[in-house]
Amino acid sequence: AEVKKIAVIAGDGIGPEVVAEAEKVLKRTEEVFGLRFELEHGLFGGIAIDQKGTPLPQETLEICQKADAVLLGAVGGPKWDNNSAALRPETGLLGIRKALGLFSNIRPATVFDCLKDASTLKPEVLDGTDLIVVRELTGGIYFGEKFRRETENGTEAVDTCVYNVKEIERIARQGFEIAMTRSKRLASVDKANVLETSRLWRETVIKLHAEYPEVELEHILVDNCAMQLLRRPSSFDVIVTENMFGDILSDEAAMLTGSIGMLSSASLGEGAFGLYEPVHGSAPDIAGQGISNPIATILSVALMFRLTFGYHKEAEAIERAVKEVLDAGHRTGDIAVDKSKAIGTTAMGDLIVAAIR
Ligand code: NAD
Ligand code: IPM
Ligand code: MN
């Protein structure tokens, strides 16, 4: 097979632990399916601040730009939490998304039947839940002007939220396109009763709907959506929303699957290039203990295969292996009902690797 270049930026906390398991999966697919990967590792996040004085060193960005896809772990941790914005790991994450033009963040939340007991919700509420959050990733309040100023009431902080029609249209189009490949239902989430950016969002989505008459479009306010996600999760299919709403709703949706350790993601731009990472963070509370769940990162590799490389049967083999291992009752602590029987990160990775064929 053609050699595919993958930039690997493991980051901080549990990032390196879960990425190590995903790398084992890549290696296994080389052996089983004859795929060929060239991995190049780069420093990123807190560890890059410590070693290079910046969360996103130029050489790391170049490794990513030269690659066909990026595999990312997670960044951040208490060590850097009081740093100024420029020296925060999270700033590096926003920087890489922006620099690579990755405006579209796909976050599937699929409920594995055997994990219904791992969720905090009642099993019957979860029946048939299989949704995708399509999150705008390079605009909104994350990227608007931010500053502080002194006033007679003390220091004032300002974050601005900006969206233009082009930004809204391209992410809404993604939502419609993905809905067309599924059940043709799209929920557009906004706060159009309060925010001007949301009113422009809704107008733009309504206009674009004319190009997708087969899609059943629902507009839903973000507060109501947060509630309905817990009340009737299976009624959602594709959810398209702006940057910060998508961040919050996807963590909420994670609990439908049992754990944030299950949620994979793809960040895409105009072409096939993509960055793949778990939705969770660096989990400083469990880092270094070898107990984190590597499945979100492993499933992100499956997304990479499907969306960037077009390796469909290999992507299915990874997903099938995950399902088989879960069906056999193996659990990391976050998804275990009986925590005393939980297995560790590498044991889970090994079982999944062995099940890929
Ligand atoms: P988090 O997602 O790191 O952790 C939230 C909770 O979920 C913790 O209790 C953690 O132990 C648990 N958890 C997360 N992933 C898990 C896994 N794979 N297996 C088992 N349990 C898991 O969120 P947080 O605690 O709010 O943030 C911690 C740090 O991570 C912060 O510095 C934050 O900025 C950063 N962060 C980074 C990313 C990213 O790199 N994409 C995403 C979110 C948060
Ligand atoms: C995520 C994270 C990031 C975000 C942070 C770490 C900047 O929470 O990828 O969901 O808010 O986008
Ligand atoms: Mn998040």
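Parameters at a glance
- Residues numbered from 1 in each chain as written.
- Chains lettered and ligands numbered in written order.
- Predicted model: local features only at pLDDT ≥ 70, side-chain atom pairs only at ≥ 80, totals over all residues.
- Near = placed C-beta within 6 Å.
- Helix = DSSP H or I, 4+ residues; strand = E, 2+ residues; numbered from the N terminus.
- Nonpolar A, V, L, I, M, F, W, Y, C, P; charged D, E, K, R; others polar.
- Domains from an automatic or database assignment.
- Contact = placed C-beta atoms within 7 Å.
- Buried ≥ 20, exposed ≤ 12 C-beta atoms within 10 Å, placed from the backbone.
- Axes fitted to C-alpha atoms, helices over the stretch in contact; angles between N-to-C directions.
- Parallel < 35°, antiparallel > 145°, perpendicular 65-115°, else oblique.
- Left-handed = near helix turned anticlockwise from the far one by under 90°.
- UniProt positions renumbered as here; feature names shortened; annotations may be inferred.
- Arc of directions from axis to C-beta.
- pLDDT = per-residue confidence, 0-100.
- Pairing = 2+ DSSP bridges.

Taken together, Gly76, Glu90, Leu93, Leu94, Asp247, Val279 and Gly281 form the complete shell of residues around ligand 2. Examining the composition of the shell around ligand 2, we find that 3 residues originate from one element, helix 4 (residues 89-99), more than from any other. Its residues assigned to classes, the shell around ligand 2 comprises 3 nonpolar, 2 polar and 2 charged.

Here the focus is the domain arrangement of the protein. Under the domain assignment used here, the protein contains domain 1 (1-103 + 263-357) and domain 2 (120-257). On a C-alpha basis, the centres of domain 1 and domain 2 stand 24 Å from each other. Taken together, the contacts link 8 residues of domain 1 with 12 residues of domain 2. At 3 residues, the largest contribution of residues to the side of domain 1 that touches domain 2 is made by helix 4.

Before going further, it helps to examine helix 4. Inspection of helix 4 places Pro89, Thr91, Gly92, Leu93, Ile96 and Arg97 among the buried residues, and these make up the whole buried set. In the core, the buried residues of helix 4 are packed alongside helix 2 (46-52), helix 3 (58-66) and strand 11 (264-268). Directly beyond the C-terminal end of helix 4, a positive phi value near 65° is found at Gly101.

A word on the packing of helix 11 (residues 312-327) against helix 12 (residues 345-355). Taken N-terminus to C-terminus, the directions of helix 11 and helix 12 make an angle of 120°; their axes are 8 Å apart at the nearest point. In terms of their interaxial angle, helix 11 and helix 12 are classed as oblique. For helix 11 against helix 12, the interelement crossing comes out right-handed. Touching Ala321, Val322, Glu324 and Val325 of helix 11 are Leu351, Ile352 and Ala355, all from helix 12.

Moving on: unusual backbone geometry. Look at Lys184: it is not a glycine, yet its phi comes out positive at around 65°. Position of Lys184 relative to the elements: it lies in the loop between helix 6 (165-181) and strand 8 (185-190). Given 15 C-beta atoms within 10 Å, Lys184 falls into the partly exposed group. Of note in the backbone geometry, Ala283 takes a positive phi value of approximately 40° without being a glycine. By the element assignment, Ala283 lies in the loop between strand 12 (274-278) and helix 10 (295-309).

Per the UniProt record, "binding site: substrate" (unreviewed entry) is found at Arg97, Arg107, Arg135 and Asp223. In sequence the annotated residues extend across 127 residues, and in space they extend as well, their farthest C-alpha pair lying 26.6 Å apart. On the secondary structure map, Arg97 appears in helix 4. Setting aside anything within four residues of it in sequence, one finds Arg97 in contact with Leu102, Leu137, Thr138 and Ser267. Beyond its immediate stretch of four places on either side in the chain, Arg135 contacts Asn105, Arg107, Thr241, Asn243, Gly246, Asp247 and Ser250.

The next thing to look at is helix 12. Every buried residue of helix 12 is listed here: Thr345, Met348, Gly349, Ile352 and Val353. Each buried residue of helix 12 sits inside an arc of 135° when the element is viewed along its axis, so together they form one side.

Moving on: the confidence of the model for the protein. Summing up the model confidence of the protein, the mean pLDDT is 98 and the portion of residues at 70 or higher is 100%. On the interface metric, ipTM, the complex scores 0.99, and its pTM is 0.98.

Moving on to the sheet that holds strand 3 (residues 69-74). Reading across from one edge, 2-1-3-12-11-4-5-10-8-9 is the order of the 10 strands in this open sheet, with mixed pairing throughout. Where the open sheet ends on each side, the last strands, each with one partner, are strand 2 (36-41) and strand 9 (216-221). Each strand axis lies, on average, 25° off the axis of its neighbour in the sheet, ignoring direction. Here strand 1 (residues 3-11) pairs with strand 3 via 5 bridges, running parallel. Within the sheet, the bridge partner assigned to Gly11 lies in strand 3 and is Ala74. Running over the sheet, helix 6 touches strand 4 (104-110), strand 5 (130-136), strand 8 and strand 10 (238-241) and is turned about 165° from strand 5. Sheet strands touched by helix 8 (residues 222-231): strand 8 and strand 9. Its angle to strand 9, the strand with the most contacts, is close to 105°.

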